[in-house]
Structure formats: C-alpha cells, structure tokens
Amino acid sequence: MNARDIASTVEVLLCATGICLLFDRLGFSASNIIMVYIVGVLFTAILTNWQGYSILSSIVSVLLFNFFFIEPRYTLLAFEKEYPLTFFVMLLVAFIASSLTVKLKKHAREAAQAAYRMQILFDTNRLLERVKNQTEIVALTAKQLGKLLNRNLIIYLCQNGELGKVNVFMADDSVPVDIYTSEYEKKAASWVLHNNKHGGATTDHMPDAKCMYLTIRVNEIVYGVIGIAIEKTRLEDFEESVLLSILGECAFALENEQTRREKEEATALAIKEQLRANLLRSISHDLRTPLTSISGNASNLISNGEELDQKTKVKLYTDIYDNSMWLINLVENLLAVTKIEEGKMNIRMAPELIEDVLNEALHHMQRMNQNHEIHVEYSDELLMAKMDAKLIIQVIINLIENATKYTPDGSQIWIMSKKQADRILISVKDEGQGIPDDEKEYIFDMFYTGVQKIADGRRSVGFGLFLCKSIIEAHGGTITVSDNHPHGSIFTFSLEAYQPRMEDYNVNGELYDE
Ligand code: ADP
C-alpha cells in the first residue's frame, strides 16, 4: 500500500466524477460518461505502480456511474436490463486498458534499467583503460558494481596463489564490516579461489555465507575473488550477466597491469645487467693501464734503483703516485656508484660549512695537481648546507679533476660559492674548450665520454659526472653545465641552504651531528 498511489486513485476518481456530472448537466449521453470513467482508469494505471489500483478504480467507477447516472439515481440498483452488460464491458475495458498500461510501464522501466546497466558496463570498459595500478582497478570495479547492484562488496586480490589483502566496499553502512571478513567468509572465498567455481550464499557450497563469491579471472588464471552481499534477494539474471561482464573486464585490466609490471621489471633487470656488464668491461680495461704502469715502474725501481739518477727516480715515484691516486679516485667513485645503483646509498646528512668542504676538496686536489692555477672565491656570508660531506667533496673533486683534465696546463680554474634564495650554489669554472651544446645533455649519463681530448692523455671512463649527478640528486639538488666566456665550461650544483638554530649547538658552541 502506498499513500501516494491511493491519493492519485482517489483524485482521478473525483475528477472523473466531476467531469461526468458536468457532462450529465449538459445533457451528454451515458456512453460519453462511460468514456470519461475509462479514461480515468487509464490515468490511474499510469499514475500508480500497482495494477490493483486500476482494477479497484474500474470497480469504483462502475459503482459511481451506477450511483450518479443510472435511474433510479443515488442508489446502486440498475433497472434497465442492458446496464449490467454495460457495467461488465466497462469493467473489462478498464481492466484490459490498465493491464496494458501497467505492462507498458514495466517494459519501459526494464528497458531503462537495461540501458542504465549497459551504460555502466560501457563506462567500466572505458574507465578501466585509464587506470594504472591494481588498487585503482579494484576501486573502480567496486564503484561500478556498486552502481549496478547497490550491495556491499568485498574483493580479495590473489597473491602467490592465495587470497591477499581484503578490500571492503560498503553500500549499506547499517551492517558491521566484520561480518564480511570473518573466518567463515574467508573460508568460502578461499574455496572459490581454489576450485574456480561460484560459492557462498545462493550456491550449493557454504550457502549460509553472507556473500556470494565469484572469481575474477581470465580463462583459468584467477586474479582475485569478489564477494557480493546477498541477504535475502538473489541477483536478477540480467544483473548477473552484466556483473560477469564487468568482472571479465576487471580481470583483463588486472592481467594487462601484471604483464606491464613484469615487462618493466624485466627491462629494469636487463638494463641493470647491461650496466653491470659494461661496468666490468670498462673497469677491467681501465684498471689494467695504471696497474701495468705502477708495477712496471716499481719493478724498474727494485731492479735498477741504484743505477737510476735522482731525477728519474722522482719521475718514477710521481708516476706511481699519480696512477695510484687515479685508481683510488676511480675506486671511490665505483663504490659510490654501486651503492647508488643498489639503492642503498646511506647518506649521512649533517650541517656543514661550505668553506670547510671546499678547503677539504682543494687540499686533496692540490696534492694531485700542480699544473693549474686553482682559485677559490668564498662568499662574504658564512654559507651552510646539510649534506653528506664525504660525497659532496667527491663531487667537487670530480668537477675540479675534469676541469684539470680537459683544459691545457697553466690555465685557470675558479671555484665559487654563493647563496641564491634558499639554495647554495657551488660552481667550478674552467677555461678549456667547453662542451658543445649537443653533448651537454649526455655528459651526465653513465659511461658517456665526449669528443673532448684529455689534455695530458689520461684515461676517460665516463663515470665522474654520472656520479656527481646521482649524489646531488640524492641530496635533493640539481647539477647543470653552462658555457664560460669566451671559452670553457661552468659546472654548477645546488644544495638546500641550512639556517643554523640555537638548539643545533652544544654548550661548547659546536654543531650537533644529525
Ligand atoms: P670522464 O671524464 O671519465 O670521461 P665524466 O663523466 O667526468 O667522465 O665526463 C664525461 C664527459 O664530459 C667527458 O668525457 C668530457 O667529454 C666532458 N667533460 C666533462 N667535464 C668537462 C670539462 N670541464 N670541459 C670539457 N669537457 C668536459
């Protein structure tokens, strides 16, 4: 019983009777009055949602017709003999008309519902193409199924052939979530996963579960299990067929996502393997030359040491020193690179004075290079940045070393530091040939060695700048190269400036380490 439907029925009957009374007064015949009541019954069928109201309306219409318009008026007695037949025909017409209207309405409703469901299915296809990862695929599928079924849903994704994490999507919050995640429910879901059949509510296996469970699969490969809360009413056939289509789409999306992930992993592995192979090849080649030189010079000194004059000996010692320093630097770089590559670079950040860091790098360089004039331009203010000093010193050494490698002896190199907004910029400027524009974007790549000839014929591995970039990016900074005028290059990297606070100092005025 619905108050709105009852009200509509009564209103229509009142209207029809009003119109009929008017017609009667105007002298219209009884057949016209009957037509008005039939139209009234039709209206009732359109306005109400249950056929009972139109049947009721047709019976009441007949009674009203009898009461108001058939002699003797204002009684329910019909004297003329054709009137019972008139009543019967009127009842029949009203009944058939209302049945047809109700049927039409039902068809229209079903057609609208089917169109809505097809629209959901269509939208699901389209939207699934856009989502990227498993979580998004599951969330989208649940959202679309929520629109279709308006029921609580739970979705398990498979992990190594077992049920993974459970995702519950509630359409009706009046029930507690845990009734869907109980051990019993999980057992039903697990049975479905391992047997690849429907299970749980409304099926033969564990019918007293709260949900009906289905697999999300492509052919025989199961990607997940979905549970649909079925308290009392079963799913309609059409709902079930759209549900299966959406689950099929979801499984395809999960399959595609898995394939894409596996492909990416395989590519990453291949790149890593390739890098490792290149690294080994390049290193074994690069180590051989200085080691041969060191061992040759040392052997020369051991066997002929006494016959060699002092100047030759110093030359041999210097060669050994230079080559071993080169090797040490290479090994330091290699260690840092492998750490970064394996993702376990353990950066120990602490506030450092830029001046100290530059001095430390210069100290190291001056021992190795006496052929270039290295100038440092310190900033007027005291600059500080948080960094792993050992790694940043390595960056500065690599940049200065490149500046000495790629510029003629006797040329000048400047090291500058300054603060710009909340960043510290450190630059190394040289007066060499510079770097052609088309090479600039590659010089930071691993193993890239440019067309530049090294001034004193030393070796080039293509590691230094790659390492600098990795270290600076791990610090959240950037490194760039630009042209010096009239010639040469300027390498500049940035670090976040550090503003010391009182609480960073201990009682002796020294900075606490992080
Ligand atoms: P390597 O010096 O071992 O080749 P790097 O990664 O340090 O490796 O440098 C990559 C390339 O960038 C070098 O081969 C060189 O061509 C170019 N390059 C680097 N620094 C300079 C510089 N200061 N002046 C000119 N070219 C440079």
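Rules used in this analysis
- Residues numbered from 1 in each chain as written.
- Predicted model: local features only at pLDDT ≥ 70, side-chain atom pairs only at ≥ 80, totals over all residues.
- Heavy atoms only, no water.
- Helix = DSSP H or I, 4+ residues; strand = E, 2+ residues; numbered from the N terminus.
- Rg over C-alpha atoms; globule rule 2.2 N^0.38 Å.
- Buried < 20%, exposed > 50% of the residue type's maximum accessible area, 1.4 Å probe, protein only.
- Contact = heavy atoms within 4.5 Å.
- Pairing = 2+ DSSP bridges.
- Axes fitted to C-alpha atoms, helices over the stretch in contact; angles between N-to-C directions.
- Lys, Arg positive; Asp, Glu negative; His and termini not counted.
- Salt bridge = Lys/Arg side-chain N within 4 Å of Asp/Glu carboxyl O.
- Polar contact = N/O pair within 3.5 Å; in protein donor to acceptor, adjacent residues only side chain to side chain.
- Phe/Tyr/Trp six-rings, centres within 6.5 Å; stacked < 30°, edge-to-face > 60°.
- Lys NZ or Arg CZ within 6 Å of the ring centre and 35° of its normal.
- Domains from an automatic or database assignment.
- Core = buried A, V, L, I, M, F, W, Y, C linked by side-chain atoms within 4.5 Å.
- Near = heavy atom within 4 Å.
- Areas by Shrake-Rupley, 256 points an atom, 1.4 Å probe, with all protein chains shown as cover.
- Nonpolar A, V, L, I, M, F, W, Y, C, P; charged D, E, K, R; others polar.
- Expected span 1.5 Å × (residues − 1).

Once that is clear, we can look at the overall build of the protein chain. Each helix and strand counted, the protein chain has 12 helices and 12 strands in total. Against the 2.2 N^0.38 benchmark of 24 Å for 514 residues, the protein chain shows a C-alpha radius of gyration of 44 Å, more extended than a compact globule. By its C-alpha atoms, the protein chain is 155 × 55 × 55 Å across when sized along the principal axes. With 514 residues in all, the protein chain has 41% of them scored as buried. Across the protein chain, every contact between residues at least 6 apart in sequence was considered, and the portion connecting residues at least 24 apart equals 65%.

So, on to unusual backbone geometry. In this chain, Glu71 is followed by Pro72 through a cis amide linkage whose omega measures -15°. Cis geometry marks the peptide bond from His485 to Pro486, where omega comes out at 5°. Among the structural elements, Pro486 can be located in the loop between strand E11 (479-483) and strand E12 (489-496). We note that Tyr74 has phi near 60°; this positive angle belongs to a residue other than glycine. Inspection of the secondary structure assignment puts Tyr74 in the loop between helix H3 (51-69) and helix H4 (82-128). Relative accessible area serves as the criterion here: at 54%, Tyr74 is assigned to the exposed category. Phi at Ala421 is positive, roughly 55°, even though this residue is not glycine. Mapped onto the fold, Ala421 is located in the loop between strand E9 (412-420) and strand E10 (423-430).

With that settled, the discussion passes to the sheet that holds E11. Whether parallel or antiparallel, the strands of a sheet pair through hydrogen bonds between backbone atoms. An order of E7-E9-E10-E12-E11 is seen for the 5 strands of this open sheet, with the pairing classed as mixed. The outermost strands of the open sheet, each flanked by one partner alone, are strand E7 (373-377) and E11. When the angles between neighbouring strand axes are averaged without regard to direction, this sheet yields 20°. By the bridge criterion, 5 bridges tie E11 to E12 in an arrangement that is antiparallel. Bridging from a neighbouring strand, Asp483 pairs with Ser489 of E12. Sheet contacts for helix H10 (residues 389-405): E7, E9, E10, E11 and E12; angle to E12, the most-contacted strand, approximately 175°.

Turning to the sheet that holds strand E1 (residues 153-159), a few remarks are in order. Strand order in the open sheet formed by 5 strands is E2-E1-E5-E4-E3, and the pairing between neighbours is antiparallel. At either end of the open sheet lies a strand with only one pairing partner, and these are strand E2 (162-169) and strand E3 (199-200). Set on the sheet, helix H5 (residues 134-149) makes contact with E1, E2 and strand E5 (221-229); between it and E1 the angle comes to about 150°.

We now examine the side chain of Arg151. Within the secondary structure, Arg151 sits in the loop between H5 and E1. Put simply, Arg151 is tucked away with no salt bridge, and the nearest opposite charge, on Glu239, sits 4.5 Å away. One polar contact links the side chain of Arg151 to the main-chain carbonyl oxygen of Ala229, over a distance of 3.3 Å. The contacts of Arg151, once residues within four sequence positions are left out, are Phe169, Ala171, Ile228, Ala229, Ile230, Thr233, Arg234 and Leu235.

Throughout the structure, instances matching the rule amount to 9 aromatic pairs. Taken together, a centroid distance of 6.0 Å and an interplanar angle of 50° make the contact between Phe68 and Phe69 tilted. With relative accessibility at 8%, the residue Phe69 sits in the buried group. Where Tyr442 meets Tyr448, the ring centres are 6.0 Å apart and the plane angle is 35°; that geometry is what we call tilted. Residue classification places Tyr448 among the partly exposed residues on the basis of a relative accessible area of 27%. Among the aromatic side chains, those forming a connected cluster through ring pairs are Phe65, Phe67, Phe68, Phe69 and Tyr74. We note Lys429 situated over the ring of Trp414; from NZ or CZ to the ring centre the distance is 5.0 Å.

Per the domain assignment, the segments making up the protein chain are domain 1 (3-119), domain 2 (142-264), domain 3 (273-339) and domain 4 (347-504). Using C-alpha coordinates to define each centre, domain 2 is positioned 58 Å away from domain 4.

Most of E12 is tucked away: 7 of the 8 residues are buried. Sheet topology places E10 next to E12; 7 bridges connect them, and they run antiparallel. The residue of E12 that forms the bridge with Val428 is Phe491.

The next thing to look at is the nonpolar core. Ranked by size, the top nonpolar core spans 39 residues in total, and within it Ile354, Ile392, Ile396, Leu399, Ile400, Phe491 and Phe493 carry the most contacts. Elements with a contribution of two residues or more to this core: helix H9 (354-368), strand E8 (384-387), H10, E9, E10, helix H12 (464-474), E11 and E12. Ranked by the residues each element gives to this core, the list is headed by H10, at 9 residues. In terms of nonpolar packing, the next biggest core, distinct from the first, is built from 31 residues, Leu140, Ala142, Leu214 and Leu235 among them.

It is worth spelling out the site of the ligand at this point. Within the structure, the ligand sits among 20 residues, and Asn402, Tyr406, Asp430, Ser460 and Val461 are positioned closest to it. The separation between an oxygen atom of the ligand and a polar side-chain atom of Lys405 is 2.9 Å. Summarising the interface, the protein chains cover 98% of the accessible area of the ligand, which totals 530 Å² for the free molecule. It is H10 that provides the largest number of residues to the shell around the ligand, a total of 3 residues. In the shell around the ligand, the residues fall into 9 nonpolar, 9 polar and 2 charged.

The end-to-end C-alpha distance of helix H1 (residues 3-25) is 33 Å, a good match for the 33 Å that 23 residues give at a rise of 1.5 Å each. Turning to H1, its buried residues number three or more, namely Asp5, Ser8, Thr9, Val12, Leu13, Ala16, Thr17 and Cys20. On its buried face, H1 is in contact with helix H2 (30-47) and H3. The backbone nitrogen of Arg4 lies 2.8 Å from a side-chain oxygen of the residue at the head of H1, namely Asn2. Downstream of H1 by a residue or two, Gly27 has a phi angle that is positive, lying close to 90°.

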